[in-house]
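# Fold and geometry: a report
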Amino acid sequence: MHIHPDASAVARAFSPDEPVILNRPHAAARAGRFFAEKFPGKSLYAVKANPSPELLRILWDSGITHFDVASITEVRLVRSVLPEATLCFMHPVKPASAIAEAYKIHGVRTFSLDSAEELAKIVAATADDAGEPAADLSLCVRLRVSSEYSELSLASKFGIDLADAAPLLQATRQVADCLGICFHVGSQAMTPFAYVQALERVRAAIVDASVTVDIVDVGGGFPSIYPGMEPPPLEDYFAVIHRAAESLPVSYSSELWCEPGRALCAEYNSLIVRVDKVRGKDLYINDGAYGALYDAAHVGWRFPVRSLAPVQEDTEEGFSFYGPTCDDADYMEGPFPLPADVKAGDYIEIGMLGAYGAAMRTAFNGFGQGAAIEVADEPMSSLYRGDRRDPRVSENVVSLR
Ligand SMILES: Cc1ncc(COP(=O)(O)O)c(C=O)c1O
């Protein structure tokens, strides 16, 4: 496959009518190696963040052997791409048929749950034809923890409250070969303290239930870098998680796991869009809320942008985007800083879209198509480049604009 130097070269070569996803395999491999080598335990890639088969292979080749899958479609996908991968079904509410297929056909042994009903469902769906319960289950009870330090909350939908956790932990211990506790601090956790606080809740749950715990899974939430959201180095997260986990009352041979989605794939993709119309400070572009820009529309995320126009004014102004569908909600407020003279026909690169970007595309209104092309340059910013300085002592983002 031809590798282009960067987004400008792609825009020049193709003048694309459709949005183009740019892949940076080197960036994803670097992130994979970082977690595989530096996280003080096992890193499960949360496939939902970006299920691209190419990305799954890159992460596998860089040392990520475990995958957090959340639907039977993800189970089948990862199993078909990576026959030897270990799959962990970490959605706390699953159809019985999905559990049975995952266990009996795809070799999945690890499941999460946050209720007695789900526990009963897992036990029934994994029993053999004679009704004999499975003896090789790793079951992770998901604890509800605060999302207060994260940009996107995951505190409402899943997780058992600490006050109710003891009976569920004890019941799960009865049927599990390995018992785990997992949680999710919310996506884009801006401080390592989020994990310390959650692990304190894990400690209380273990003490209350007096059970032996074999797996402590700190979930996802590890951040990436976006304009206005510049987290401390990931090493800080790993160090405090390690310290806090080491002091938990768990079995001597217990394992520490994490489930990063965003941090492993945010740098993998950017997107080329074309400006189809300018109306004051509104740019009508050919991707949007129903395409790869869901977070820009729905949570006001300001992704980094750069103009790919060959000639442009130095002065920048803040613009908002309208996507291509006929829907008013297809709107990304930004502001996105671009040359003041941006015009219809110009191309723009929108960066850091590897996580929850391409994965969120729909076909609404007939849009959502577009090619993927590999480029060799660096992502617009990176958590994994040696030249990134510590944000606590200096301006930290390595911007390549
Ligand atoms: C169970 C679970 N694990 C991991 C993740 C990945 O989270 P993040 O992308 O914030 O790392 C998610 C995201 O929703 C999740 O639900």
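Notes on the structure follow. Just so it is clear, the model here is predicted, and its values are computed rather than measured.

### Quick look at the packing of helix 2 (residues 25–38) against helix 3 (residues 53–61)
Helix packing geometry: the angle between the two helix axes and the distance between the axes. Taken N-terminus to C-terminus, the directions of helix 2 and helix 3 make an angle of 45°; their axes are 8 Å apart at the nearest point. Looking at the two axes, helix 2 sits oblique to helix 3. The interaxial crossing formed by helix 2 with helix 3 has right-handed handedness. The residues of helix 3 that touch helix 2, namely those facing Pro25, Ala28, Ala29 and Gly32, are Glu54, Leu55, Ile58 and Leu59. Residue classes in the contact of helix 2 with helix 3 are distributed as six nonpolar, one polar and one charged.

### Re the nonpolar core
Phe35, Tyr45 and Phe222 are the most contacted members of the largest nonpolar core, which has 110 residues in total. Among the elements that line this core, the one with the most residues is helix 8 (residues 193–209), at eight residues. Both domains that meet at this core, namely domain 1 (7–22 + 267–374) and domain 2 (25–265), each give it at least three residues. Residues within four places of Tyr45 in sequence aside, it is in contact with Asn50, Leu55, Leu56, Leu59, Ile64, His66, Phe67, Asp68, Pro260, Gly261, Leu264 and Cys265. Counting 10 residues, the second largest nonpolar core, distinct from the first, contains Val10, Val20, Tyr347 and Ile373.

### Observations regarding the packing of aromatic side chains
Enumeration over the complete set of coordinates arrives at 21 aromatic pairs. Summarising the aromatic geometry, the rings of Tyr226 and Phe303 are spaced 5.6 Å apart at their centres and angled 85° between planes, so their arrangement reads as edge-to-face. Taken as a pair, Tyr226 in the loop between strand 10 (215–217) and helix 9 (234–246) and Phe303 in the loop between helix 11 (294–298) and strand 14 (305–307) lie far apart in primary sequence, 77 residues in all. Phe303 shares its class with Tyr226; the two are buried. Geometrically, the ring pair formed by Trp301 and Phe303 is stacked, given 6.4 Å between the ring centres and 25° between the ring planes. Through pairs of rings, three or more aromatic residues link up here, namely Phe34, Phe35, Phe39, Tyr195, Phe222, Tyr237, Phe238 and Tyr384. One Lys or Arg, Arg109, reaches over the ring of Tyr103 and ends 3.8 Å from the middle of that ring.

Cut-offs applied
- Residues numbered from 1 in each chain as written.
- Predicted model: local features only at pLDDT ≥ 70, side-chain atom pairs only at ≥ 80, totals over all residues.
- Heavy atoms only, no water.
- Axes fitted to C-alpha atoms, helices over the stretch in contact; angles between N-to-C directions.
- Helix = DSSP H or I, 4+ residues; strand = E, 2+ residues; numbered from the N terminus.
- Parallel < 35°, antiparallel > 145°, perpendicular 65-115°, else oblique.
- Left-handed = near helix turned anticlockwise from the far one by under 90°.
- Contact = heavy atoms within 4.5 Å.
- Nonpolar A, V, L, I, M, F, W, Y, C, P; charged D, E, K, R; others polar.
- Core = buried A, V, L, I, M, F, W, Y, C linked by side-chain atoms within 4.5 Å.
- Buried < 20%, exposed > 50% of the residue type's maximum accessible area, 1.4 Å probe, protein only.
- Domains from an automatic or database assignment.
- Phe/Tyr/Trp six-rings, centres within 6.5 Å; stacked < 30°, edge-to-face > 60°.
- Lys NZ or Arg CZ within 6 Å of the ring centre and 35° of its normal.

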